[in-house]
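So you can see what is in the structure, the chains are spelled out below.
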Amino acid sequence: MNRPPEDILLEINGLRTYFFTEEGVVKAIESIDLVVYKSETLGLVGESGSGKSVTALSILGIVPDPPGKILQGEVIFHGQDLRKLSDSDMRKIRGNQIAMIFQDPMTSLNPVFTVGDQISEAIMLHQKVTKKEAREKSIKIMSLVGIPSADERVDNYPFEFSGGMRQRVMIAMALSCNPELLIADEPSTSLDVTIQAQILELLKATSEEFDMSIILITHDMGVIAEMCDRVAVMYAGYICESGDIMIIFKSPYHPYTRGLLGAIPRPDAEREDLTIIRGAIPNLINPPSACRFHPRCDYWMEGLCESVLPEVLEIESGHKVRCHIYSDAGKAWMQKHGEAREIGKIPKSAVGK
Ligand SMILES: Nc1ncnc2c1ncn2[C@@H]1O[C@H](COP(=O)(O)OP(=O)(O)OP(=O)(O)O)[C@@H](O)[C@H]1O
Ligand SMILES: [Mg+2]
């Protein structure tokens, strides 16, 4: 369901981010539209290389330049376009109103400073507090994220923490300024399964406590099902489908989403029952034309999908899909050529209307 416009916290329109490398131009984000509502957890899911992290970096305005450049689009937060802000205004928002947990905690923690110093520094950057107050706040937030004996651990260095505890330190740092939006990029994938579950549980609890929105980036549909209110499925620089979690899991419309869901191993499924998406994500220097998924798609309508980019269609309130199976051009193609391969597997409500 669409929520009213005043519930929107972040809105991305027509975002495009490329990397200008020696090998060529990597068209990482071609065109992204996305909305994040207040207090919701939005999952951003897709295979490795689909552009999830680059989307996050683009929101925060920290795409490495060179070689990266945001070429167009708006990132509207509280009604203002973050792309139009000066560097110093953007720094005030980053880490304060919008915080990020990076994919690899070791690269984001400085090995030569204690974790207490690093969390305190983040706090002092944005709040008028003394060093002593910042330290006390750091201890408080470290215990809040489940680090035992926080008053002692505050003086330890990152290498003295286990992977799971380090990830908690990262979360403590991100939460230290009560952000309104937390972008968590694969916050748990490097951890073992039990710790993974604890970290996700912690994120869920803190988002409720702080009334915070989360963009949760993962390639794991199982994590999405556990954690999210809505999901946006990304493929090679586009969002191909988005909507409420229940709707997407119950009736996914895009062949790529269907493939991702089929790829969740289930204890009750025979191995051969699993749908595997054949092929691999393309090189984005020279991506497939129009719908970038067409070479891997079981429903490819030749002459159409590789030559005309499908528009985003809102199938029902809040459920959007970018695929010709549902477009007028696609329906005309099917009438002319017979149904797209295996079309019977697509929900009947969506075709032949
Ligand atoms: N600094 C860079 N220079 C050149 N290309 C880059 C750079 N950063 C990302 N890319 C390219 O942009 C595309 C999207 O990458 P991104 O890191 O966003 O993928 P992802 O969905 O986060 O994948 P993963 O699940 O592996 O983290 C990839 O083709 C990647 O090679
Ligand atoms: Mg990534």
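Residues numbered from 1 in each chain as written. Chains lettered and ligands numbered in written order. Predicted model: local features only at pLDDT ≥ 70, side-chain atom pairs only at ≥ 80, totals over all residues. Heavy atoms only, no water.

1. Thoughts on unusual backbone geometry
Convention followed: Working definition: helices are DSSP H or I runs of at least four residues, strands are E runs of at least two. Numbering for both runs from the N terminus.
Here the residue pair Asp65 and Pro66 is connected by a cis peptide bond, since its omega of -5° sits within 30 degrees of zero. Considering the arrangement of structural elements, one finds Pro66 in the loop between helix H1 (52-60) and strand S4 (68-77). With omega at 5°, the peptide bond leading from Pro66 into Pro67 counts as cis. You will see that Ser39, though not glycine, has its phi angle at about 60°, which is positive. Positionally, Ser39 belongs in the loop between strand S2 (24-37) and strand S3 (41-45).

2. Some remarks on the packing of aromatic side chains
Applied cut-off: What counts as a ring pair is set by centres within 6.5 Å for rings of Phe, Tyr and Trp (its six-membered ring), and what kind of pair is set by the plane angle: stacked under 30 degrees, edge-to-face over 60, tilted for all other angles. Burial classification: accessible surface area is computed with a 1.4 Å probe over protein chains only, and a residue below 20% of its type maximum counts as buried, one above 50% as exposed, and the rest as partly exposed.
Considering all chains together, one arrives at six aromatic pairs under this definition. Taking 5.0 Å as the distance between ring centres and 80° as the angle between the ring planes, the aromatic pair formed by Tyr235 and Phe293 counts as edge-to-face. Here Tyr235, found in strand S9 (residues 230-235), pairs with Phe293, found in the loop between helix H11 (255-262) and strand S11 (313-316); they are 58 residues apart in sequence, far enough to count as distant. Looking at Phe293, the relative accessible area reads 4%, which means it is buried.

3. Side note on the environment of Thr55
Our working rule: By definition, residues are in contact when any of their heavy atoms lie within 4.5 Å. Polar contact criterion, stated in full: a pair of N or O atoms within 3.5 Å, where within protein one must be able to donate a hydrogen and the other to accept it, and residues adjacent in sequence count only if both atoms are side-chain atoms.
For Thr55, the location among the structural elements is in helix H1. Assessed through its relative accessible area of 1%, Thr55 is described here as buried. Separated by 40 residues in sequence, Thr55 and Leu15 place their C-alpha atoms 8.5 Å apart. Excluding residues within four positions of it along the chain, Thr55 makes contact with Ile29, Ile32, Leu44 and Met234. In this structure the side chain of Thr55 is engaged in a polar contact, spanning 2.7 Å, whose partner is the backbone oxygen of Gly51.

4. Structural notes on the packing of helix H4 (residues 115-126) against helix H7 (residues 163-175)
Note the following rule: The angle between two axes is taken between their N-to-C directions and runs from 0 to 180 degrees, where each axis is a line fitted to C-alpha atoms and a helix contributes only its stretch in contact. Working definition: roughly parallel below 35 degrees, roughly antiparallel above 145 degrees, roughly perpendicular at 65 to 115 degrees, and oblique for all remaining angles. We call a crossing left-handed when the near helix sits turned anticlockwise from the far one by less than a right angle, and right-handed when that turn is clockwise. Note on residue classes: Ala, Val, Leu, Ile, Met, Phe, Trp, Tyr, Cys and Pro are nonpolar, Asp, Glu, Lys and Arg are charged, and everything else, Gly too, is polar.
Running from N to C, H4 and H7 point in directions that differ by 20°, and their axes come no closer than 8 Å. Our classification of the angle between H4 and H7 gives roughly parallel. Pair H4 / H7 crosses with right-handed handedness. In this structure, H4 uses Val115, Gln118, Ile119 and Ala122 to contact H7, whose residues at the interface are Val169, Ala172 and Met173. The residue makeup of the contact of H4 with H7, split by class, is six nonpolar, one polar and no charged.

5. Quick look at the site of ligand 1
Rules: The near set for a molecule or strand comprises every residue that places at least one heavy atom within 4 Å of it.
Ser48, Gly49, Lys52, Ser53 and Gln103 are the nearest of the 16 residues found near ligand 1. Contact between ligand 1 and Ser50: an oxygen atom at 3.2 Å from a main-chain N or O atom of the residue. At the level of elements, strand S1 (8-21), S2 and H1 are the ones that each hand at least two residues to the shell around ligand 1. Among the elements that line the shell around ligand 1, the one with the most residues is H1, at three residues. For the shell around ligand 1, a count of residues per class yields six nonpolar, seven polar and three charged.

6. Some details on the side chain of Ser58
On the secondary structure map, Ser58 appears in helix H1. Here Ser58 falls in the buried class, since its relative accessible area comes to 2%. There is a polar contact of 2.7 Å between the side chain of Ser58 and the backbone oxygen of Val54.

Function cannot be inferred from these measures alone, as they are strictly geometric.
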